[in-house]
Amino acid sequence: MLAPIAAMTDPARQADALALDALFREVTGFQPKLWGQKIGYGQYHYVYASGREGDWLATGFGIGAREFSIYILPGYEAFPEITARLGPHRAGKSCWYIKRLSDIDETALRDLIRAGLERLEGYWPVQAS
């Protein structure tokens, strides 16, 4: 079990984190890698016009005190038809926040992960972490 998930003390939230891990593994085909406290699936190398470059997770989630952060890159603005089906969430700058997995439409979440990876591939090649 990944360290951030193992450290969780609320059994219901830990079960949600384990279910998210299984879902991301299944949809992406990638094994997880920790990016700080974020759990990522796949990665990409970016180079901006400014010359700045680096590596980052392709998709994944984070475990907050009260919410999970779902990271879909290159950003949420491109998928309004999918997020409309997602269920209760709030949008951040580059992620969506959800409280409980049981509140979310799993098919929409799977579609969102796939769409994000496909869109990201249009910018940068995605590879296993």
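Let me begin by describing the structure that accompanies this report. (Residues numbered from 1 in each chain as written. Predicted model: local features only at pLDDT ≥ 70, side-chain atom pairs only at ≥ 80, totals over all residues. Heavy atoms only, no water.)

**With respect to helix α4 (residues 106-121)**
Side chains that are three or four residues apart share a direction in an α-helix, a result of its 3.6 residues per turn. This is how it is decided: Only DSSP runs of H or I reaching four residues or more are called helices, and only runs of E reaching two or more are called strands; each is numbered from the N terminus. Expected helix span is taken as 1.5 Å per residue step, with the number of steps being one fewer than the number of residues. For this analysis, a polar contact is any N or O atom pair within 3.5 Å, provided that within protein one partner can donate a hydrogen and the other can accept it, and provided that sequence-adjacent residues contribute only side-chain to side-chain pairs.
Between its first and last C-alpha, α4 extends 23 Å over 16 residues, near the 22 Å set by a 1.5 Å rise per residue. Where α4 begins, the capping side chain belongs to Asp105, and its oxygen is found 2.9 Å from the backbone nitrogen of Thr107.

**Details of the packing of helix α2 (residues 11-28) against α4**
For clarity, the threshold we go by: A fitted line through C-alpha atoms represents every axis, and for helices the fit uses only the stretch in contact; the resulting angles, taken between N-to-C directions, go from 0 to 180 degrees. Should an angle fall under 35 degrees it is called roughly parallel, over 145 degrees roughly antiparallel, and 65 to 115 degrees roughly perpendicular, with every other angle called oblique. If you view the pair so one helix is near and one far, a crossing is left-handed when the near helix is turned anticlockwise from the far one by less than a right angle, and right-handed when it is turned clockwise. In what follows, a contact means two residues having at least one pair of non-hydrogen atoms within 4.5 Å.
Viewed as axis vectors pointing N to C, α2 and α4 meet at an angle of 50°, and their least axial separation amounts to 10 Å. Classed by the angle they form, the pair α2 and α4 counts as oblique. In this structure, the crossing between α2 and α4 has a hand that is right-handed. Residues Leu20, Leu23, Phe24, Glu26, Val27 and Thr28 of α2 pack against Glu106, Leu109, Arg110, Ile113, Arg114 and Leu117 of α4.

**Focus on the packing of aromatic side chains**
A ring pair, where both rings are aromatic, is described by two values, the distance of the centres and the angle of the planes. Operational definition: Only the six-membered ring of Trp is used, alongside the rings of Phe and Tyr, when aromatic pairs are assigned; centres must lie within 6.5 Å, and planes under 30 degrees apart are stacked while those over 60 apart are edge-to-face, with the rest tilted. For every residue, the accessible area (1.4 Å probe, protein chains only) is compared with the maximum for its type, and the residue is labelled buried under 20%, exposed over 50%, or partly exposed between those bounds. Only Lys NZ and Arg CZ are tested; either one counts as a charge over a ring when it is within 6 Å of the ring centre and within 35 degrees of the ring normal.
Under the criterion given, the structure shown has 7 aromatic pairs. Consider the rings of Trp35 and Trp56, whose centres lie 5.6 Å apart with planes at 65°: the pair is edge-to-face. Taken as a pair, Trp35 in strand β1 (residues 32-35) and Trp56 in strand β3 (residues 53-63) lie far apart in primary sequence, 21 residues in all. Accessibility expressed as a relative area gives 13% for Trp35, which makes it buried. Looking at Trp56, the relative accessible area reads 31%, which means it is partly exposed. Ring pairs connect the aromatic residues Phe24, Tyr41, Phe61 and Phe68, which therefore count as one cluster. Above the face of the Phe68 ring, Arg13 is positioned so that its terminal group lies 4.5 Å from the ring centre. In this structure, Lys33 is placed above the aromatic ring of Trp35, and the distance from its NZ or CZ to the ring centre is 4.2 Å.

**Some points on the side chain of Arg13**
Our working definition: Positive: Lys, Arg. Negative: Asp, Glu. His and the chain ends are not part of the count. Here, a salt bridge means any Lys or Arg side-chain nitrogen found within 4 Å of an Asp or Glu carboxyl oxygen.
Secondary-structure assignment places Arg13 in helix α2. This buried residue, Arg13, is left without a salt bridge; Asp10 holds the nearest opposite charge, at 5.2 Å. Of the polar contacts made by the side chain of Arg13, one reaches the backbone oxygen of Gly64; its length is 2.5 Å. Every residue in contact with Arg13, bar those within four places of it in the chain, is listed here: Met8, Ile63, Gly64, Ala65, Arg66, Glu67, Phe68 and Lys99.

**Here we look at the pairing of β3**
Rule in force here: Any two strands are treated as partners once DSSP identifies two or more bridges connecting them.
Strand direction decides the pairing type here: strand β2 (residues 38-47) and β3, joined by 9 bridges, are antiparallel. Within β3, the residue paired with Tyr44 across the bridge is Trp56. Between β2 and β3, which pair antiparallel one after the other, the connecting turn spans 5 residues, and Gly51 there sits at a positive phi close to 100°. One ladder, built from 5 bridges, connects β3 with strand β4 (residues 68-72); its direction is antiparallel.

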